[in-house]
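Coordinates in review
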Amino acid sequence: RVLLDKPGYHAKHEQFSRDGRNRVLIQLNQMPDVKVVLLSELDVSGGETPFPADQPYTLRPTGHEAWIGETAEIFFSTGADATSQGNIWRGKVGDRQPTLVYRGPLRFGHISVSRDGKYWVGDTGEAGIPIYVGSFASGNYARVCFSRTEYDGQQWSHAHPYLTADNQWLIFGARRAGHPQCWGAKLKVGWLDRL
């Protein structure tokens, strides 16, 4: 059955919660021209409740979001401007404001969260398109590697990095020499513990 039919909005990037509440994280793009990007929680029995994302809370979400482990919280990235202190956030339905996860000049995209909910992953637009992993608990982060992907405007050239379920490998896509491939970087034992 249809869980949501919101006139004027396109629903995409659905993700099922792992907290036992049977919720679906959904991105809702107001059309045409994506004037608004809502992030909402759908109850499988019906009903949509928005997360504190997009105006008046943040700049427009970029379309990259994930549940944080087995919690009711999500992690998401937004656009950035000259006044932005950062562009990656966490929040849950009912929060008055989302919480900025990282303050600084880097702008993260293509974000994800480790299966255990302890770490976040994201790439940046810096030279070589580096991929970083950060700790939600400590606030620390570090560069794991460079994806060296060559953007060509297609999704296959975006890194879309994530950690494997055991947190031992960083998996990402990269288009190099005109050929899209899947890459893996094995984390050294204890590397995540330093975060």
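Everything discussed here concerns the structure shown above.
Here's what I pulled together on the structure shown here. (Residues numbered from 1 in each chain as written. Predicted model: local features only at pLDDT ≥ 70, side-chain atom pairs only at ≥ 80, totals over all residues. Heavy atoms only, no water.)

1. Side note on the overall build of the chain
Worth spelling out the cut-off: Under the DSSP-based scheme used, a helix requires at least four consecutive residues in state H or I and a strand at least two consecutive residues in state E, with every element numbered from the N terminus. Radius of gyration: over C-alpha atoms. The globule rule applied is 2.2 Å multiplied by the number of residues raised to the 0.38 power. The classification of residues rests on relative accessible area computed with a 1.4 Å probe and restricted to protein chains. Under 20% of the type maximum is buried, over 50% is exposed, and intermediate values are partly exposed. The criterion used for residue contact is that any of the two residues' heavy atoms lie within 4.5 Å. Residue burial considers only the protein chains on display, and all accessible areas are found by Shrake-Rupley using a 1.4 Å probe.
The secondary structure content of the chain amounts to zero helices and 15 strands. Since a compact globule built from 195 residues should have a radius of gyration of about 16 Å, the 17 Å found for the chain is in line with a globular shape. Relative to its full complement of 195 residues, the chain shows a buried share of 45%. Considering only contacts in the chain between residues 6 or more positions apart, those separated by 24 or more positions represent 36%. Accessible area of the chain: about 10,200 Å², with a carbon and sulfur share of 51%.

2. What about the packing of aromatic side chains?
Condition: The rule is short: rings of Phe, Tyr and Trp, with Trp giving its six-membered ring, pair when the centres are within 6.5 Å, and they are stacked under 30 degrees, edge-to-face over 60, tilted in between. The rule is short: NZ of Lys or CZ of Arg within 6 Å of the ring centre and within 35 degrees of the ring normal puts a charge over the ring.
For the structure on display, the rule yields 10 aromatic pairs. An angle of 85 degrees between the planes, with centres 5.1 Å apart, marks the rings of Y102 and Y141 as edge-to-face. Of this pair, Y102 sits in the loop between β8 (99-100) and β9 (108-113) while Y141 sits in strand β12 (residues 141-146); the two residues are 39 residues apart in sequence, bridging distant segments of the chain. Residue class for Y102 comes out buried when judged on its relative accessible area of 5%. The exposure class assigned to Y141 is partly exposed, which follows from its relative accessible area of 33%. Pairing F108 with Y141 gives two aromatic rings, centres 6.4 Å apart and planes at 80 degrees, and the pair type is edge-to-face. In this pair, F108 is assigned in strand β9 and Y141 in strand β12, connecting sequence segments 33 residues apart. Note on F108: relative accessible area 2%, which makes it buried. Three or more aromatic residues joined by ring pairs make a cluster, and in this case those are F75, Y102, F108, W120, Y132, F136 and Y141. One cation-aromatic arrangement involves R176 over W183; the distance from NZ or CZ to the ring centre is 3.6 Å.

3. Some details on the sheet that holds strand β15 (residues 179-186)
Condition: DSSP-based pairing: two strands are paired if at least 2 bridges between them are found.
Here we have three strands laid out as an open sheet, ordered β13-β14-β15, and antiparallel in their pairing. Edge positions in the open sheet fall to β13 (162-163) and β15, since each of these has one partner strand only.

4. Points about the sheet that holds β12
Note the cut-off: Only the contacting stretch of a helix is used when fitting its axis, a line to C-alpha atoms as for every element, and angles between N-to-C directions run 0 to 180 degrees.
Pairing is antiparallel across the open sheet formed by four strands, whose spatial order is β9-β10-β11-β12. Since the sheet does not close on itself, it has two edges, and those belong to β9 and β12, each with one partner. Between one strand axis and the next, the sheet turns through 25 degrees on average, direction left out of account. Of the pairings in the sheet, the one linking strand β10 (residues 119-124) to strand β11 (residues 130-135) comprises five bridges and is antiparallel in character. Note on β11: the bridge partner recorded for W120 is G134.

5. Some remarks on the side chain of R175
How we decide: For this analysis, a polar contact is any N or O atom pair within 3.5 Å, provided that within protein one partner can donate a hydrogen and the other can accept it, and provided that sequence-adjacent residues contribute only side-chain to side-chain pairs.
Mapped onto the elements of the fold, R175 is located in strand β14 (residues 169-176). Side chain to side chain, R175 and D152 meet in a polar contact 3.0 Å long. Residues within four places of R175 in sequence aside, it is in contact with R148, T149, E150, D152, W156, S157 and P180.

6. Quick look at the environment of S138
Take S138: it is sitting in the loop between β11 and β12. Judged by relative accessible area, S138 falls into the partly exposed class, the value being 38%. When the C-alpha atoms of S138 and R194 are compared, they prove to be 9.9 Å apart, with 56 residues separating the residues in sequence. From its side chain, S138 meets the backbone nitrogen of N140 in a polar contact 3.0 Å long.

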